[in-house]
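Chain by chain, the residues:
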Amino acid sequence: MRSSRLIDSLRLSKPELAVFVSGVASMGLEILAGRMIAPQFGSSIYTWGSIIGVFLAALSYGYWRGGKQAARMATNGRMARVFLLTAGYVAVLIVLGDLLVRGLATVPLPSRFASLPAITLLFGPPTYLLGYVSPYAAELSEKEGLGEASGHVYALGTIGSIVGAFATTFFLIPSLGVEEIAFVFGVLSVGTAAALLRPGWTRENVAVTAFLLVVLVGALAGPALGLSVEGQVVYETQTPYQELQVVDRGDTRVLFLDGQKHSAMDRSDPNRHVFDYTRYFHLPLLLTDRDDDVDSVLFVGGGGFTGPKRFANDYDARVDAVEIDPEVIRVAKAYFRLEESDQLNVYNADGREFLRQTNRTYDVIVLDAYKKDKVPFQLTTKEFMELAKQRLDDDGVLLTNLISAPSGPASKFYRAEYKTLDSTFETVYTFPTVGGAVVQNVEVIATKNATRVSEETLLARNDRRDIGIDLESEIRNYRDPPETSDVPVLTDDYAPVDSLLDPMVGQQYVLQETNDSDDAATNATDDAATNATDDAATASERNEPVAAGATALDAREPAVGVAALAHPAVAPRVATEPRTDGVVDVRG
């Protein structure tokens, strides 16, 4: 008897079902909005504040309009129409969402408000429609009294929002893409409309419901309109942290995170530097006192693991890499030839938490966890830099790979980070990777050595030390310290990272690549020269001819073993990679 009463109490009436589903759908769409908007506008506090504000405004307007009409128009059929209209709009989002987001990005607004037009147009109408449901349901409620009916509706709507938030965050986003998630909410809306309409189905109701289901399926099955990444999409997914795509463009495989290029690999030469900024990761080897001072390296941020793979391949050093997103690690292993070994260790963890828990110290730490529009502020502050300094050996070097302009209004984040490092370390260096004041990769290097190393000394060390790569052009980008009087030292208590990144919104991110053809030609020349030298040396030592199929790596490997004993830190296993001319790839 009690069980039957419990079941009856849990069974929702049609108005109650409508309120619950409207809560699920509105909160799910709100979280989905962040994923759809982020590739173009980032996921800063301004973007999320705009999303929350638009959704609240749209719901409020829907509540107000629905409340005025509820007494004379509230029926289950009209609530069903609200859900059908919502499903139709979701189908439009699936097909045109990307095109609309990119088109509305050109609206001339201050950067912190730039996402408002896209959020309003894409998500304002369906959220406004869902706002009608609660006042209609309150009017149709079987509860006695206005207060009880209103409280019941608020409770059910809030419970629906909680379900929508958790389901979208913990189940849908890790499992499905943006379009698939939108499809789920579209089908949920159609299903709710069908439940509200039964049993009094009319031929018109059946036709409209079936039509919208076909439209949703067609929208999902057909190609979305808009600007997509160039090349063949090999794999894509929504991770708990970001949108991820693996794209092949000829022999180059590129990792996109939230629509922006993050890492690249030459499939025919997996350890070649494709993006020019990754060459700067070797600069710390010229800032130590001796060329054998590096035998342990930590990378915070993995992506395609270009740096960790190259360091493990080139040097007899322990390389640890920390990446917070487990899907990024899995994709790197599946598509970017990441292989863990006794020398290369990969950890799935937050960078700051890893440094706090480890008792290991490193000769070099590379911070490669920043994006143009998404920066984990906890990895930028003075407290974090002090922690990193504690995990560096006495002659240790910290390199931070920032995305910023080196000067001008868009340089605030770089200059604040420089000031923060300068307040923590003895000496700080700057190396922009592209000329001019455009948004680019800016490498900021900090050391415990109070004596500043000049550009001339670095050039001399580059000529003298054999670190497997020629960094002359990179060294010539050596810059004087920037002006920092107008930017703060970032702390855990005050780190206005979003406002510092704000001037970069809408600006082009210039990412320079090494020239494939020049690189291949020069490497071929160097390999031939190295082969000739090694063959001659080996033949002279052994007084015998070298096997016709021997390669430069084959001929050098015994010598590398000897060098590793004398200089275990930096014993290159590859011929020196020359600097190549770059081609500029511009990303919005």
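Quick notes on the rules
- Residues numbered from 1 in each chain as written.
- Predicted model: local features only at pLDDT ≥ 70, side-chain atom pairs only at ≥ 80, totals over all residues.
- Heavy atoms only, no water.
- Helix = DSSP H or I, 4+ residues; strand = E, 2+ residues; numbered from the N terminus.
- Pairing = 2+ DSSP bridges.
- Right-handed = clockwise from strand over helix to strand, strands pointing away.
- Salt bridge = Lys/Arg side-chain N within 4 Å of Asp/Glu carboxyl O.
- Buried < 20%, exposed > 50% of the residue type's maximum accessible area, 1.4 Å probe, protein only.
- Axes fitted to C-alpha atoms, helices over the stretch in contact; angles between N-to-C directions.
- Parallel < 35°, antiparallel > 145°, perpendicular 65-115°, else oblique.
- Left-handed = near helix turned anticlockwise from the far one by under 90°.
- Contact = heavy atoms within 4.5 Å.
- Patch = residues over 30% accessible without salt bridge, like charges linked within 9 Å, V, L, I, M, F, W, Y side chains within 5 Å.
- Areas by Shrake-Rupley, 256 points an atom, 1.4 Å probe, with all protein chains shown as cover.
- Lys, Arg positive; Asp, Glu negative; His and termini not counted.
- Charge placed at Lys NZ, Arg CZ, Asp CG, Glu CD.
- Polar contact = N/O pair within 3.5 Å; in protein donor to acceptor, adjacent residues only side chain to side chain.
- Phe/Tyr/Trp six-rings, centres within 6.5 Å; stacked < 30°, edge-to-face > 60°.
- Lys NZ or Arg CZ within 6 Å of the ring centre and 35° of its normal.
- pLDDT = per-residue confidence, 0-100.
- Nonpolar A, V, L, I, M, F, W, Y, C, P; charged D, E, K, R; others polar.

## Observations concerning unusual backbone geometry
Argument step 1. Even without a glycine there, the phi angle at Asp-258 is positive, about 55°.
Argument step 2. Considering the arrangement of structural elements, one finds Asp-258 in the loop between strand E3 (252-257) and strand E4 (260-266).
Argument step 3. Positive phi, normally seen in glycine, also occurs at Arg-337, with a value near 55°.

## Focus on the pairing of strand E7 (residues 344-348)
Argument step 1. For strand E6 (residues 318-323) and E7, the ladder comprises five bridges, and the chain directions are parallel. Bridging across to E7, Asp-320 finds its partner in Asn-345.
Argument step 2. Between E6 and its parallel partner E7, the chain crosses via helix H12 (residues 326-335), and the hand of that crossover is right-handed.

## Some points on the pattern of salt bridges
Argument step 1. Applying the stated rule across the entire model yields 20 salt bridges.
Argument step 2. A salt bridge links Lys-261 to Glu-513, with the nearest nitrogen and oxygen atoms 3.5 Å apart. Of this pair, Lys-261 sits in strand E4 while Glu-513 sits in strand E12 (residues 509-514), and the two are 252 residues apart along the sequence. Each member of the pair, Lys-261 as well as Glu-513, carries the same accessibility label: buried.
Argument step 3. Ionic contacts of the salt-bridge type, sharing partners, join the residues Asp-248, Arg-253 and Arg-267 into one network.

## Observations regarding the packing of helix H3 (residues 45-73) against helix H6 (residues 133-140)
Argument step 1. Look at H3 against H6: their axes get within 7 Å of each other, and the N-to-C directions meet at 30°. Between H3 and H6, the interaxial angle falls into the category roughly parallel. Helix-helix and strand crossings are classified by hand; for H3 and H6 the assignment is right-handed. In this structure, H3 contributes Tyr-63, Gly-66, Gly-67, Gln-69, Ala-70, Ala-71 and Met-73 to the contact, and H6 contributes Ser-134, Pro-135, Tyr-136 and Glu-139.

## Looking at the environment of Arg-290
Argument step 1. Note on placement: Arg-290 falls in the loop between helix H10 (284-287) and strand E5 (296-300).
Argument step 2. The partly exposed category is assigned to Arg-290, whose relative accessible area is 47%.
Argument step 3. Between the alpha carbons of Arg-290 and Arg-461 there is a distance of 9.5 Å; along the sequence they are 171 residues apart.

## Focus: the sheet that holds strand E9 (residues 392-404)
Argument step 1. Reading across the sheet, the seven strands line up as E7-E6-E5-E8-E9-E11-E10 and stay open at both edges, with mixed pairing between neighbours. Here the strands that pair on one side only, and so sit at the sheet edges, are E7 and strand E10 (427-432). Here the strands of the sheet are splayed against their neighbours by 15° on average, with no regard to which way each runs.
Argument step 2. The sheet contact formed by E5 and E6 spans five bridges and is parallel. By the bridge assignment, Val-300 is partnered in E6 with Val-322.
Argument step 3. Relative to the sheet, helix H14 (residues 382-390) contacts strand E8 (362-367) and E9, its axis offset from that of E9 by approximately 140°.

## Focus: H14
Argument step 1. Here H14 has its buried residues at Phe-384, Met-385, Leu-387, Ala-388 and Lys-389.
Argument step 2. Of the surrounding elements, those touching the buried residues of H14 are helix H13 (351-357), E8, E9 and helix H15 (412-422).

## Topic: the environment of Arg-81
Argument step 1. Relative to the elements of secondary structure, Arg-81 occurs in helix H4 (residues 76-104).
Argument step 2. Considering only alpha carbons, one finds Arg-81 and Ala-193, 112 residues apart in sequence, at a separation of 7.0 Å.

## Side note on a positive patch on the surface
Argument step 1. On the surface, a cluster of positive charge is contributed by Arg-65, Lys-68, Arg-72, Arg-78 and Arg-81.
Argument step 2. Elements supplying a minimum of two residues to the positive patch: H3 and H4.
Argument step 3. Sorting elements by how many residues they give to the positive patch places H3 first, with three residues.
Argument step 4. As for its placement among the helices and strands, Arg-72 is situated in helix H3.

## A word on the sheet that holds strand E1 (residues 232-238)
Argument step 1. Across the sheet, four strands lie side by side as E1-E2-E3-E4; this open sheet has antiparallel pairing. Both outer strands of the open sheet, E1 and E4, are each paired with one neighbouring strand and no more. Between one strand axis and the next, the sheet turns through 15° on average, direction left out of account.
Argument step 2. Pairing analysis gives six bridges linking E3 to E4, with the strands arranged antiparallel. If you follow Thr-252 over to E4, its bridge partner there is Asp-266.

## Details of the environment of Met-27
Argument step 1. Relative to the helices and strands, Met-27 resides in helix H2 (residues 14-41).
Argument step 2. As for Met-27 and Phe-55, which are separated by 28 residues in sequence, their C-alpha atoms are 9.0 Å apart.

## Quick look at the side chain of Thr-427
Argument step 1. As for its position among the elements, Thr-427 is in strand E10.
Argument step 2. Looking at Thr-427, the relative accessible area reads 3%, which means it is buried.
Argument step 3. There is a polar contact of 2.5 Å between the side chain of Thr-427 and the backbone oxygen of Asn-449.
Argument step 4. Apart from the residues within four sequence positions on either side, Thr-427 is in contact with Ile-445, Ala-446, Thr-447, Asn-449, Ala-450, Thr-451 and Arg-452.

## Some points on the packing of aromatic side chains
Argument step 1. Counted according to the given criterion, the structure contains 17 aromatic pairs.
Argument step 2. Both rings, one in Phe-275 and one in Tyr-277, keep their centres 6.3 Å apart while their planes meet at 25°; by these two values the pair is stacked.
Argument step 3. Phe-275 gets classed as buried once you look at its relative accessible area, which sits at 2%.
Argument step 4. The rings of Phe-275, Tyr-277, Phe-281, Phe-299, Phe-311 and Tyr-315 are connected pair by pair, giving a single aromatic cluster.
Argument step 5. In this structure, Lys-389 is placed above the aromatic ring of Phe-425, and the distance from its NZ or CZ to the ring centre is 5.7 Å.
Argument step 6. The lysine or arginine in question, Arg-452, covers the ring of Tyr-429, its NZ or CZ lying 4.8 Å from the ring centre.

## Topic: the confidence of the model for the protein chain
Argument step 1. Overall, the prediction assigns the protein chain a mean pLDDT of 83, with 84% of residues at 70 or greater.
Argument step 2. Below a pLDDT of 50 lies the segment residues 3-8, which in the model reaches zero contacts outside its immediate sequence neighbourhood of four places, other chains included.
Argument step 3. In the predicted structure, residues 516-588 sits below a pLDDT of 50 and forms 135 contacts with residues beyond four places in sequence or in another chain.

## Overview of the packing of H2 against helix H8 (residues 178-197)
Argument step 1. Interhelical geometry of H2 versus H8 gives an angle of 165° and a closest axis separation of 10 Å. Here H2 is positioned roughly antiparallel relative to H8, judged by the angle of their axes. In the crossing of H2 with H8, the sense of the turn from one axis to the other is left-handed. Contacts between H2 and H8 involve Lys-14, Leu-17, Ala-18, Val-21, Val-24, Ala-25, Gly-28, Leu-29, Leu-32, Arg-35 and Met-36 from the former and Val-178, Ile-181, Ala-182, Phe-185, Leu-188, Thr-192, Ala-195 and Leu-196 from the latter.
Argument step 2. Considered class by class, the residues forming the contact of H2 with H8 number 15 nonpolar, two polar and two charged.

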